[in-house]
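Residue-level structure breakdown
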Amino acid sequence: MTDTTLSNRKAELLSTKVEHIDITSFDARPIIESMGKMSFTSRDLARATGIYNQMLADPDCTICLVIAGSTSAGGCMDLYAELVRSNMVDCVIATGATIVDMDFFEGLGHQHYQALEVPDDDTLRSLYIDRIYDTYIDEEQLQDCDFTINKIANELEPHAYSSRAFIREMGRYLSQHGKKDNSLVKLAYEHDVPIFCPAFVDSSAGFGLVKHQVDAMKAGKPYMMIDAIADFRELTDIKIQAGTTGLLMIGGGVPKNFVQDTVVCAEILGHEDVEVHKYAVQITVADVRDGACSSSTLQEAASWGKVNTGIEQMVFAEAGSVMPLLASDAYHRGHWKTRAKRAWGKIFA
């Protein structure tokens, strides 16, 4: 194919943008209330929504939003941003892809696209189109994200940073240069909501940071680095100071285990009176038979001394289809309007 033909084909495939759902535009309370009178996953979702509302209504509860998977790319990005804007979560633990390849990426002005057709993936590769199931990303735009991460790293003092500290710098950058108001990274920076990515370099950030390190080494200069131990220590500090905590978890994997482990870490540091996570909700499609952390039940976590067995709910559903209902219900019930703002990011200033 000629360059013009390739360009036209790429434009054709990247013609329909993913539109992120606005939980403020509809009231899901009647749906959730009706689901509570049903069975199976519907009733599980209604109970999970009730637990999230309990977290919001509890004046002592710090709420941790835990995100794994690709729901941000798939249309939930503005939903998560609204939870930060409306003081409905107090800290975020997520995969690097969620924070960098999806949210920061769109904060720079780029887009995700609906894959209305899925040609041969080799064809997509030839067009520099990356695929997440039925969602497309322009690889050339993603490389802009990589280079922007590199630019931020080059401008920082060369020492160790927790992922929280580096993501705060990303938020600062978007606050000054970003193209989108509904960015989780930007709003978290502005509202002092800390974001942790325990596997931060497993994302587009990794490419930019490796280039930063290699270029500095070639020039014989010092370089910044990500301190994963500081991540664990800082999140544990929040757990110790917060006392009562609740977990709203989408997906599982490393972010899920990371936030749950803060209870054990606090005990090891001598805080034997630390509370287990009082409230916990997890939305996942992972199969409980596979032995992975993503699918391990919250009841199982109780055996490790991490989660309270009394106020927890597993919801086995694709999160993009149920999170809008849960979040809209909680938004319109309005417990967030009287919540005290935690601003946990300030304790690391």
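What comes next is a walk through the structure. Keep in mind the model is a prediction, meaning the values are calculated, not measured. (Residues numbered from 1 in each chain as written. Predicted model: local features only at pLDDT ≥ 70, side-chain atom pairs only at ≥ 80, totals over all residues. Heavy atoms only, no water.)

With that settled, the discussion passes to the packing of helix α4 (residues 71-85) against helix α5 (residues 96-107). Across the interface, α4 lies against α5 with an axial gap of 10 Å and an inter-helix angle of 55 degrees. With respect to each other, α4 and α5 are oriented oblique. As α4 packs across α5, the resulting crossing turns out to be right-handed. In contact with S72, A73 and M77 of α4, α5 contributes T98, M102, D103 and E106. Looking at side-chain class alone, the contact of α4 with α5 contains three nonpolar, two polar and two charged residues. (Axes fitted to C-alpha atoms, helices over the stretch in contact; angles between N-to-C directions. Helix = DSSP H or I, 4+ residues; strand = E, 2+ residues; numbered from the N terminus. Parallel < 35°, antiparallel > 145°, perpendicular 65-115°, else oblique. Left-handed = near helix turned anticlockwise from the far one by under 90°. Contact = heavy atoms within 4.5 Å. Nonpolar A, V, L, I, M, F, W, Y, C, P; charged D, E, K, R; others polar.)

Glancing now at a negative patch on the surface. Among the surface-exposed residues, D60, E267, E272, D273 and E275 lie close enough to one another that they form a single negatively charged patch. Here E275 shows up in the loop between α13 (262-268) and β10 (279-284). (Patch = residues over 30% accessible without salt bridge, like charges linked within 9 Å, V, L, I, M, F, W, Y side chains within 5 Å. Areas by Shrake-Rupley, 256 points an atom, 1.4 Å probe, with all protein chains shown as cover. Salt bridge = Lys/Arg side-chain N within 4 Å of Asp/Glu carboxyl O. Lys, Arg positive; Asp, Glu negative; His and termini not counted. Charge placed at Lys NZ, Arg CZ, Asp CG, Glu CD.)

The backbone phi angle of F40 is positive, close to 60 degrees, even though this residue is not glycine. If you trace the backbone, F40 turns up in helix α3 (residues 40-57). One non-glycine residue, Y128, lies in the positive phi region at around 55 degrees. Residue position: Y128 is located in the loop between α6 (121-126) and β4 (129-132). Note on Y128: relative accessible area 38%, which makes it partly exposed. (Buried < 20%, exposed > 50% of the residue type's maximum accessible area, 1.4 Å probe, protein only.)

Strand pairing in a sheet takes place through backbone hydrogen bonds and is either antiparallel or parallel in direction. On the basis of which strands lie adjacent, the open sheet formed by three strands has the order β3-β5-β4 and antiparallel pairing. Of all strands in the sheet, those bounded by a partner on one side alone are β3 (112-114) and β4. The sheet shows a mean angle of 35 degrees between the axes of neighbouring strands, taken without regard to direction. Bridge analysis of β4 against strand β5 (residues 135-138) gives four bridges, and the strand direction is antiparallel. Its bridge partner lying in β5, I129 is registered against D138. Packed onto the sheet, α5 meets β3, β4 and β5 and runs at close to 105 degrees relative to β3. (Pairing = 2+ DSSP bridges.)

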